Amino acid sequence: MRLRAGSRFAVPGHTRLPGYVQGHAGVVERIQPAAVLPDTNAHFQGENPQHVYSV
């Protein structure tokens, strides 16, 4: 999913997302450049760079 700054977004849920945030809407403030996240790289599934959104 690719969002833009200013987009409203409801977080459906994520394993590392605190419970008090799940299901609430927010506004994308900033989009960080794509970066390799350690999850897939550590499990030898490739680099899989992803964007990080500040909501």
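Just so it is clear, the model here is predicted, and its values are computed rather than measured.

Visitor: Is there a simple way to think about the environment of His24 in this case?
Guide: Looking at where His24 falls in the secondary structure, it is placed in the loop between strand S1 (8-10) and strand S2 (25-27). Sequence spacing of His24 and Pro38 is 14 residues, and the spatial spacing of their C-alpha atoms is 26 Å. In contact with His24, other than residues within four places in its own chain, are Phe9, Ala10 and Val11. Engagement of the side chain of His24 in a polar contact is seen with the backbone oxygen of Tyr20, the distance being 3.5 Å.

Visitor: Help me understand the environment of Gly46 in this model?
Guide: Checked against the element boundaries, Gly46 lands in the loop between helix H1 (38-42) and strand S4 (50-54). Its relative accessible area of 33% is what places Gly46 among the partly exposed residues. For Gly46 and Val36, which are ten residues apart along the polypeptide, the C-alpha to C-alpha distance reads 9.2 Å. When neighbours within four sequence positions are excluded, Gly46 is seen to be in contact with Thr40 and Asn41.

Visitor: When you look at unusual backbone geometry in this model, what are you seeing that I'm missing?
Guide: For residues other than glycine, phi is negative in most cases, and the peptide bonds are mostly trans. A positive phi angle, near 55°, is found at Phe44, a position not held by glycine. Residue Phe44 is classed as exposed on the basis of its relative accessible area of 79%. In the Ramachandran plot, Asn48 falls in the positive-phi region, its phi being about 45° despite a non-glycine side chain. When you line up the elements, Asn48 lands in the loop between H1 and S4.

What counts as what
- Going along each chain's sequence as written, the residues are numbered from 1 onward.
- Predicted model: local features are reported for residues with pLDDT of at least 70 only, side-chain atom pairs are reported and counted for 80 or more only, and whole-chain, interface and lining totals are derived from all residues.
- Heavy atoms from the whole structure form the basis of all side-chain values; hydrogens and water molecules are not counted.
- The way it works is that DSSP assigns letters per residue, a run of H or I at least four long becomes a helix, a run of E at least two long becomes a strand, and they are numbered from the N terminus.
- In this analysis, two residues are considered to be in contact whenever any of their non-hydrogen atoms come within 4.5 Å of each other.
- N or O atoms within 3.5 Å of each other form a polar contact, as long as, within protein, one can give a hydrogen and the other can take it, and as long as residues adjacent in sequence are counted only when both atoms are side-chain atoms.
- Residue burial is assigned from relative accessible area. The probe radius is 1.4 Å, only protein chains are included, and a residue is buried under 20% of its type maximum, exposed over 50%, and partly exposed in between.

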